[in-house]
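Per-entry structural report
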Amino acid sequence: MLMINLDSSGLKITLEEYERITELIYKRTGIRFEPNKMYFVAKRIEKRVEALNMSSVKEYIRYLYFIDKDGTEFQNLVELLTINETYFFRDFPQLKTFAEYCLPEVAERKAKAGDRSITLWSVGCSTGEEPYTLAIIIREMLDNLDSWSINILAVDIDTDALEKAKTGIYDERSVKYVPLEYIEKYFKILNDGRYKISEEIKSMVSFSYLNIGDRLALRRYRGFDFIFCRNVFIYFDDISRKQVVDHFYIALNRGGYIFLGSSESLNRITNAFKLKRMGGNLVYVKE
Ligand SMILES: C[S@@+](CC[C@H](N)C(=O)[O-])C[C@H]1O[C@@H](n2cnc3c(N)ncnc32)[C@H](O)[C@@H]1O
């Protein structure tokens, strides 16, 4: 029988137990952990089993399936399993295309139609670097910013990451790619050497919890000019990606753009969006 012995605690997890837990995660979040991720996942299950003073994974499974009615423990587990890696100005070339081509185009079209509002959705925003980057870009790129209503909604399944995002305080690693000029303009360097995002940027972003694997919850979101869902689909399989992307199509306004991570594409998932080359980059637009 395939089994992992977790040496630190003496706990054992069988492939069958692993599959029961990862199946539950898949059903509720769309995140699929294949057997090759067994050690990574098992180490985190071990942490939760210890935190709850349980003596076996079997007991933990029973707890997850039958006792954890409000999903608190499920959330604790998911928080250990999500990868929050992010930083300001991640994928600079893509952001340049957004800033220099897509944003001006959408702004001009909307202004002509008498609509001076732009709504952005940062899905899987982690600790906030992505939506704050978008806010900085918008401040830099839009003329007469005060005449616009800008709304950046940032969502994530990880409530710890969202709490950190709301504080807006970052270490050196997060701001490594921020142009110096913007560091001076939009950050305050604290006594301990960390960087605090300015209030003008902070006030442009609102954060909330959303599990994009929860189809009912997802359906409430629509009316966006831009959707950024970058580096979120890493553990999603094609079926759950498609469910989310189909909703993105509905949630996006006509003429709106969707941005994925540099190694992600919508090939195999949908052909609803038009792939367009702009500023040397490929972008997806809803025509
Ligand atoms: C690697 S980070 C990417 C952060 C940012 N978008 C970037 O590209 O730098 C992936 C984020 O997706 C979030 N995530 C994973 N599954 C999710 C789900 N089902 N619903 C909402 N957020 C999810 C994770 O919590 C994590 O913060």
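We now turn to the structure provided with this report. (Residues numbered from 1 in each chain as written. Predicted model: local features only at pLDDT ≥ 70, side-chain atom pairs only at ≥ 80, totals over all residues. Heavy atoms only, no water.)

**Re the sheet that holds strand β6 (residues 187–189)**
We apply this condition: Any two strands with at least two DSSP bridges between them are considered paired. Put simply, DSSP H or I for four residues or longer makes a helix, DSSP E for two residues or longer makes a strand, and each gets a number counted from the N terminus.
Spatially, the three strands line up as an open sheet ordered β5-β7-β6, and their pairing is antiparallel. Bordering the open sheet on either side are β5 (169–170) and β6, each of which pairs with just one other strand. Relative to strand β7 (residues 195–197), β5 runs antiparallel, the two sharing two bridges. Bridging from a neighbouring strand, tyrosine 170 pairs with tyrosine 195 of β7.

**A few points about the site of the ligand**
For clarity, the cut-off: If a single non-hydrogen atom of a residue is within 4 Å of a molecule or strand, that residue counts as near it. Under this definition, polar contacts are N or O atom pairs within 3.5 Å; protein pairs additionally need one hydrogen-donor-capable and one acceptor-capable atom, and for neighbouring residues in sequence, both atoms have to be side-chain atoms. Accessible areas in this description were obtained via Shrake-Rupley with a 1.4 Å probe; residue shielding takes into account the shown protein chains only. Gly counts as polar in this scheme, as do all residues outside two lists: the nonpolar Ala, Val, Leu, Ile, Met, Phe, Trp, Tyr, Cys and Pro, and the charged Asp, Glu, Lys and Arg.
Taken together, the neighbourhood of the ligand is formed by 22 residues, with Thr86, Arg90, Gly124, Asp156 and Asn231 sitting nearest. Separating a nitrogen atom of the ligand from a backbone N or O atom of isoleucine 157 is a distance of 3.3 Å. Here isoleucine 212 contributes a backbone N or O atom positioned 3.0 Å from a nitrogen atom of the ligand. In the complex, 97% of the free accessible area of the ligand, which totals 610 Å², lies under the protein chains. Residue classes in the shell around the ligand are distributed as seven nonpolar, nine polar and six charged.

**Digging into the nonpolar core**
Rule in force here: We call a set of buried residues a nonpolar core when its members are Ala, Val, Leu, Ile, Met, Phe, Trp, Tyr or Cys and they connect through side-chain atoms within 4.5 Å of each other. Note on classification: 1.4 Å probe, protein chains only; a residue is buried when its accessible area is under 20% of the maximum for its type, exposed when over 50%, partly exposed between these limits. We call two residues in contact when some of their heavy atoms are within 4.5 Å.
Counting 52 residues, the largest nonpolar core has Ile21, Ile45, Trp121, Ile212, Ile227, Phe233 and Phe248 as its most contacted members. Here this core gets five residues from one element, more than from any other, and that element is helix α2 (residues 38–51). Those residues in contact with isoleucine 227 that sit more than four places away from it in its chain are Trp121, Val123, Phe248, Ala251, Leu252, Tyr257, Ile258 and Phe259. Judged by nonpolar contacts, the second largest core, of 46 residues, contains Val106, Leu142, Ile150 and Val178.

**A word on helix α7 (residues 159–167)**
The line we're drawing: Throughout, the arc means the angular range of directions from the helix axis out to the C-beta atoms.
Looking at α7, one finds that the buried residues are Ala161, Leu162 and Ala165. Buried positions in α7, seen along its axis, are confined to an arc of 100° and lie on one side of it. Among the structural elements, α6 (129–141), β4 (149–156), β5 and β8 (205–209) are those in contact with the buried residues of α7. Here α7 starts with a cap whose side-chain oxygen sits 3.0 Å from the backbone nitrogen of aspartate 160, and that cap is aspartate 158. Looking one or two places after α7, you find glycine 168, whose phi comes out positive at around 70°.

**Points about the pairing of strand β9 (residues 224–229)**
Going by this rule: The crossover handedness rule: strands pointing away from the viewer, path from first strand over the helix to second strand clockwise, crossover right-handed.
When you tally the buried positions in β9, you get six out of six residues, the bulk of the element. One ladder, built from three bridges, connects strand β3 (residues 117–123) with β9; its direction is parallel. What sits directly across from tryptophan 121, in β9, is isoleucine 227. Both β9 and strand β10 (residues 252–260) contribute to a ladder of five bridges, which runs parallel. By the bridge assignment, phenylalanine 226 is partnered in β10 with tyrosine 257. A crossover links β9 with its parallel partner β10, the connecting element being helix α12 (residues 238–251), and its sense is right-handed.

**Observations regarding unusual backbone geometry**
At asparagine 53, a residue that is not glycine, the phi angle is positive and equals roughly 55°. Topologically, asparagine 53 is positioned in the loop between α2 and α3 (57–67). Since its relative accessible area comes to 71%, asparagine 53 is described here as exposed. Positioned with a positive phi, asparagine 144 is a non-glycine residue whose angle comes to about 50°. As for its placement among the helices and strands, asparagine 144 is situated in the loop between α6 and β4. The class for asparagine 144 is exposed, based on a relative accessible area of 58%.

**Re the environment of aspartate 70**
Within the secondary structure, aspartate 70 sits in the loop between α3 and α4 (72–81). Polar contacts involving the side chain of aspartate 70 include one to the side chain of threonine 72, which spans 2.8 Å.

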